[in-house]
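Per-entry structural report
In case you want the letters, here they are:
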Amino acid sequence: WRDPVGAPYRTLVPSDEVTINYRHGLPVITLTLPTRSERCQFTIKPMVTTVEAFLQDVQREDKGVERAEVFATDGCKVCGATSMEVLLRNDFTLVINNIAYCVSPPVKDKLSSEHATEMEDIKSLVHRLYVALHLEDHQVRKERELLLKLDHLKEELLPLEQMKARIAVSANAKTTRLLWIGLALMSTQGGALAWLTWWVYSWDIMEPVTYFITYGSAMAFYAYFILTKQDYIYSDARDRQFLHYFYRKCKKHHFNVERYNKLKEDIAEAEELLRRLRQTLQLKLPVQKIEDK
């Protein structure tokens, strides 16, 4: 027998040096520790213990073990994440330092279908009992995690909220000032037309002028519809102008709108999950998972 790099092992030990027996339904691996020269037993939980965990137990038991590996019969190394239940189904080679142990696990008697069904029922019952005993602790721990996450998000959002408030006040003031300027221009236009009609010219002369002014206004509103795909409604026009000033101010002051919106979404999602979690804690129900929108 040779290792993967081709170097021969110092000793190839027969299989009786490493024995596997089943005790109370669990496999017990008995082997001789190289440094202490004494037999040691390792009780394995097949469905839980992995190959890596078993090898770590061997190294913890004997500090003189510098190398511990497991190989299949074809010489391929067994992955450490492999469960012991899978490993114990076939023969394998256990390498400790430079000694290779040939191991042949005993063949377990096949369970009858009724016994297998009974074992599955017992496993299901144990699982339900575990969930019932630990679910509330898990939910409380999850609630604490959500509260910490909310505090962190709100702390990160606070300076952005303050900057957004200042930008919104400035944009709102500029928009209001523009509206008053528009009212002043309309009043000036009305006064000028009245003065030209009654004091300078007559209505016969000013009528075509007012017609073309009205027609020009209609053309301006139609152009607004073509550009914005919206009707010219005063409230919508005001909001559009506010957003124009707001985003221009954001760019000037380096306000990250995308980051602000992402934080608001994360806070809303965390608060919704926290609300559901607290509701389930009161009703003793499982947590409802929030579906991605």
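Just so we're clear, the structure is a prediction, and the values are computed from it rather than from any experiment.

**Focus on helix H1 (residues 51-61)**
Along H1, the residues classified as buried are Val-51, Phe-54, Leu-55 and Val-58. Buried residues of H1 fall within an arc of 95° about the axis and therefore sit on the same side. Against strand S3 (26-32), strand S4 (39-43), strand S5 (68-72), helix H2 (84-87) and strand S6 (92-96) lie the buried residues of H1.

**Section: the pattern of salt bridges**
Overall, the coordinates contain eight salt bridges when judged by the stated rule. Arg-275 is the salt-bridge partner of Glu-272, the closest N and O atoms lying 2.7 Å from each other. Within this pair, Glu-272 and its partner Arg-275 are both found in helix H6 (residues 257-283), separated by three residues, close to a single helical turn.

**A few points about the environment of Asp-74**
By the element assignment, Asp-74 lies in the loop between S5 and H2. Taking the relative accessible area as the measure of exposure, Asp-74 reaches 58% and is therefore exposed. Among the polar contacts listed, one links the side chain of Asp-74 to the backbone nitrogen of Cys-76, at a separation of 3.2 Å.

**A closer look at the nonpolar core**
Judged by nonpolar contacts, the single largest core of 25 residues is most densely connected at Ile-29, Leu-31, Phe-42, Phe-54, Val-70, Phe-92 and Leu-94. Secondary structure elements with two or more residues in this core: S3, S4, H1, S5, H2, S6 and strand S7 (99-103). With residues up to four places along the chain from it excluded, the contact list for Val-70 reads Val-51, Leu-55, Cys-76, Lys-77, Val-78, Leu-87, Phe-92, Thr-93 and Leu-94. Membership of the second largest hydrophobic core comes to 19 residues, among which are Leu-150, Leu-153, Tyr-260 and Ile-267.

**Observations regarding a nonpolar patch on the surface**
Nonpolar side chains collect at one region of the surface, where Trp-195, Trp-198, Trp-199, Val-200, Tyr-201 and Ile-205 lie side by side and expose about 790 Å² of accessible area between them. By residue number, the principal contributor to the nonpolar patch is helix H3 (residues 113-200), which donates four residues. Within the secondary structure, Ile-205 is located in helix H4 (residues 203-228).

**Re the side chain of Thr-197**
The topology assignment puts Thr-197 in helix H3. Since its relative accessible area comes to 11%, Thr-197 is described here as buried. In this structure the side chain of Thr-197 is engaged in a polar contact, spanning 2.7 Å, whose partner is the backbone oxygen of Leu-193. Contacts of Thr-197, omitting those with residues within four sequence positions, involve Ser-202, Trp-203 and Met-206.

**Comments concerning the side chain of Thr-30**
Position of Thr-30 among the secondary structure elements: in strand S3. Residue classification places Thr-30 among the buried positions, given a relative accessible area of 9%. The residues touching Thr-30, leaving out its near neighbours within four places in the chain, are Glu-17, Val-18, Thr-19, Arg-39, Cys-40 and Gln-41.

Calculation criteria
Along every chain, residues carry numbers that run from 1 in the direction the sequence is written. Given that this is a predicted model, residues contribute local features only at a pLDDT of at least 70 and side-chain atom pairs are listed and counted only at 80 or more, while totals for whole chains, interfaces and linings are drawn from all residues. Note that the side-chain values use all heavy atoms of the structure and ignore hydrogens as well as water. The buried label applies to any residue whose accessible area, calculated with a 1.4 Å probe on protein chains only, is under 20% of its type's maximum; exposed applies above 50%, and partly exposed to all values in between. For helices the rule is a DSSP run of H or I covering at least 4 residues; for strands it is a run of E covering at least 2, with both sets numbered from the N terminus onward. Arc, as used here, means the arc of the directions from the helix axis to the C-beta atoms. In what follows, residue pairs with any heavy atoms lying within 4.5 Å of each other are defined as contacts. The working definition used for a salt bridge is a side-chain nitrogen of Lys or Arg within 4 Å of a carboxyl oxygen of Asp or Glu. Between N or O atoms, a polar contact is any pair within 3.5 Å; within protein, one atom must be a potential hydrogen donor and the other a potential acceptor, and residues adjacent in sequence are included only when both atoms are from side chains. Here, the term nonpolar core denotes a set of buried Ala, Val, Leu, Ile, Met, Phe, Trp, Tyr and Cys residues that are joined through side-chain atoms within 4.5 Å. Exposure above 30% relative accessible area and no salt bridge define the residues that can form patches, which grow by joining like charges within 9 Å and nonpolar side chains of Val, Leu, Ile, Met, Phe, Trp and Tyr within 5 Å. What sets the accessible areas is the Shrake-Rupley method with a 1.4 Å probe; for residues, cover comes only from the shown protein chains.

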